[in-house]
Amino acid sequence: MNIPDRYRALPSVDELANRIGAEFPRDLVVSECRLVLADIRAALRSGATDVPDVEATVRRNLDALRRPSLRRVINASGVILHTNLGRAPLNRQGLAGWYSNLEYDLATGRRGKRDVHTSVLLERLLGSPAVVVNNGAAAVFLVLHELAAGAEVIVSRGELIEIGDGFRIPDIMQRSGARLVEVGTTNRTRIGDYRDAITDRTALLLRVHPSNFRIEGFTGRPGVEELVGLARERGIPLYEDMGSGCLADLGQSGVYEPTVQSSLSQGVDLVSFSGDKLLGGPQAGIIAGNGELVQRVRRNPMFRALRVDKLVIGALEETLRCLLLQQWNEVPVLRMLRQDVEAIRERAEQMIARIAGAEVVPGESLLGGGSTPEQSLPTYLIALPGDPVKLEAALRAATPPVIARIENDYLVLDLRTVASEEDVELTALLENLA
Ligand SMILES: *Cc1c(COP(=O)(O)O)cnc(C)c1O
């Protein structure tokens, strides 16, 4: 067939829609038919000779709309807080999205506050009042906006970080209306640098956790106590963006991260941190500290724009309760961190028992998630024989998709980040592949 004939041979929108049938809403079918026909006509006009089957294309596109886009994956990468895989995994969705006492006081039958579901637990855990917003970035913005708009904030040059996805301290500062006053140098900042920069326009001293990078060599920055001392002496609040929000001492698991409690007890006036990093909960940003400052932040009109939804509150409440009751293994991130390396080895050996050429080798799991980049934990890896690039793609295309990593020309899987309930499923997928 020549091009004009092919063109004429295309069905009309109506004809095509009738062939698809009543499986989908009619207007959805009609609009999909229009799009596909328009694409094919455009392709023919520009000289394409290979025309796809019109009906099959429409069906495939409609089927794709029916499949969930957000899907569970098996994280065999060994990166515990993998930002691309949703950071901290959650046990359950907390309380689902059905009716709840979100803002209803069951004792009085009157309107309540959504804050109560998390504030009691946070205050118990931290020993300070706290409020919750959408994420860590929102927390930083809100604190700066409330406490420093139109005034100056002093930050060390070594802490002017970018977290990723465009979150940069100087930019967020500017949007908040606060003016950044940089002190010190990239590698070294002294307490005197802060002191010299204080004027009557200074509203806040800001300390930022350099989460995802590390300066080595001739470096230094004042400790929390020194900054607290200066802040007290000059009557200026000290605010610390802690990034990861570690609430449990993880030293036993080999993770050395200052806890939120230690900053607060040393006298930092306000801290903020993420809910879905080392805390192990859902995406959220928590602001805690001096009650008066926390209340000011809570009353800021932007709070309403950055508040959290009931699903998040349910999941965060559940995580916080586990932390308070020290049920560490109920928080997946903590369970993964605490997992015994010999147990990982045993699971790995069992998984490859029937896969020729696969090996279990020592390796390292990573904390990840814009927190403590240099920290890793010993683990055992499954190394698969074969072309690692092909294997990686095949596992990624599996159901559920499996995310692995390539190391030294091998495709490797780390079971530290795989739930043991996923072992049977993953074993079957790997045996299928071999
Ligand atoms: C991760 C991080 C943020 C941003 O938190 P999100 O929850 O990702 O918005 C801000 N500051 C620091 C130091 C961080 O590590």
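See the structure above.
For the structure given in this document, a descriptive report is provided here. (Residues numbered from 1 in each chain as written. Predicted model: local features only at pLDDT ≥ 70, side-chain atom pairs only at ≥ 80, totals over all residues. Heavy atoms only, no water.)

1. Things to note about the environment of Cys-246
The condition that has to hold: Strands are runs of DSSP state E lasting at least two residues, helices are runs of H or I lasting at least four, and both sets are numbered from the N terminus onward. The contact rule is simple, with two residues in contact once any of their heavy atoms fall within 4.5 Å.
Following the sequence through the fold, Cys-246 ends up in the loop between strand 11 (238–243) and helix 10 (260–265). Taking the C-alpha atoms as reference, Cys-246 lies 7.9 Å from Lys-277; in sequence the two are 31 residues apart. Setting aside anything within four residues of it in sequence, one finds Cys-246 in contact with Glu-257, Pro-258, Thr-259, Val-260, Gln-261 and Leu-278.

2. So, the pattern of salt bridges
Quick note on the threshold: The term salt bridge refers to a pairing of a side-chain nitrogen on Lys or Arg with a carboxyl oxygen on Asp or Glu at a separation within 4 Å.
Throughout the structure, instances matching the rule amount to 29 salt bridges. Of the charged contacts in the structure, one is a salt bridge between Asp-115 and Arg-298, with a shortest N-O distance of 2.7 Å. Pair noted here: Asp-115 is in the loop between strand 4 (110–111) and helix 5 (116–126) and Arg-298 is in helix 11 (residues 291–299), with a separation of 183 residues, a long-range link. Between Glu-159 and Arg-221 there is a salt bridge, with its nearest N and O atoms 2.5 Å apart. One end of the pair, Glu-159, is in the loop between strand 6 (152–156) and strand 7 (162–164); the other, Arg-221, is in the loop between strand 10 (202–208) and helix 9 (224–234), and 62 residues separate them in sequence.

3. Considering unusual backbone geometry
With an omega of -10 degrees, the peptide bond between Thr-399 and Pro-400 qualifies as cis. Structurally, Pro-400 is set in the loop between helix 16 (388–396) and strand 16 (402–403). With phi around 50 degrees, Arg-87 is a residue other than glycine that occupies positive phi space. Locating Arg-87 in the fold gives a position in the loop between strand 2 (79–81) and strand 3 (104–105). A positive phi is found at Asn-408, a non-glycine position, where the angle reads about 50 degrees. When you line up the elements, Asn-408 lands in the loop between strand 17 (405–407) and strand 18 (410–414).

4. A look at the packing of helix 5 against helix 13 (residues 310–324)
Condition: Axis geometry follows a simple rule: fit a line to the C-alpha atoms, using only the stretch in contact for helices, then measure angles between N-to-C directions, giving values from 0 to 180 degrees. Any angle from 65 to 115 degrees is called roughly perpendicular, while one under 35 is roughly parallel, one over 145 is roughly antiparallel, and all others are oblique. Each helix crossing is assigned a hand: it is left-handed if the near helix lies turned anticlockwise from the far helix by less than a right angle, otherwise right-handed if that turn is clockwise. When residue character is reported, Ala, Val, Leu, Ile, Met, Phe, Trp, Tyr, Cys and Pro are called nonpolar, Asp, Glu, Lys and Arg charged, and the others, Gly included, polar.
Packing of helix 5 against helix 13 leaves a shortest axis separation of 9 Å and a crossing angle of 25 degrees. Accordingly, the angle class assigned to the pair helix 5 and helix 13 is roughly parallel. The chirality of how helix 5 crosses helix 13 is left-handed. The segment helix 5 lies against helix 13, with His-117, Thr-118, Leu-121, Leu-122, Arg-124 and Leu-125 engaging Ile-313, Leu-316, Glu-317, Leu-320, Arg-321, Leu-323 and Leu-324. A breakdown of the residues in the contact of helix 5 with helix 13 according to their chemical character gives eight nonpolar, two polar and three charged.

5. Examining the packing of helix 2 (residues 13–20) against helix 3 (residues 26–45)
The interhelical angle for the contact between helix 2 and helix 3, taken along N-to-C directions, is 125 degrees, at an axis separation of 9 Å. With respect to their mutual orientation, helix 2 and helix 3 come out oblique. Our pair here, helix 2 against helix 3, has a crossing hand that is right-handed. Across from Val-13, Asp-14, Leu-16, Ala-17, Asn-18 and Ile-20 in helix 2, the residues of helix 3 making contact are Arg-26, Val-29, Val-30, Cys-33, Arg-34 and Leu-37. For the contact of helix 2 with helix 3, a count of residues per class yields eight nonpolar, one polar and three charged.

6. Looking at the site of the ligand
Quick note on the threshold: Proximity is defined per residue: any heavy atom of the residue falling within 4 Å of a molecule or strand makes that residue near it. The definition of a polar contact used here is a pair of N or O atoms within 3.5 Å, where within protein one atom must be able to donate a hydrogen and the other to accept one, and adjacent residues in sequence count solely through side-chain atom pairs. Residue-level accessible areas treat just the shown protein chains as cover; the underlying method is Shrake-Rupley with a 1.4 Å probe.
Of all residues adjacent to the ligand, which total 14 residues, the nearest are Gly-136, Ser-211, Asp-241, Ser-274 and Lys-277. Ala-137 places a main-chain nitrogen or oxygen 2.8 Å from an oxygen atom of the ligand. Considered on its own, the ligand offers 380 Å² of accessible surface; in the complex 94% of this is hidden by protein. Elements represented by at least two residues in the shell around the ligand include exactly helix 6 (136–148) and strand 11.

7. Thoughts on the environment of Gln-261
Within the secondary structure, Gln-261 sits in helix 10. Residues Gln-261 and Leu-147 lie 114 residues apart in sequence; the distance between their C-alpha atoms is 22 Å. Setting aside chain neighbours within four positions, we find Gln-261 in contact with Leu-125, Leu-126, Cys-246 and Leu-247.

8. Re the side chain of Asp-423
Spelled out, the test is: Remark: exposure states derive from per-residue accessible area (1.4 Å probe, protein chains only) relative to the maximum for the residue type, with buried under 20%, exposed over 50%, and partly exposed in between.
Structurally, Asp-423 can be placed in helix 17 (residues 423–433). For Asp-423, a relative accessible area of 14% corresponds to the buried category. Apart from residues no more than four positions distant in its own chain, Asp-423 is found in contact with Arg-347, Met-351 and Val-418.

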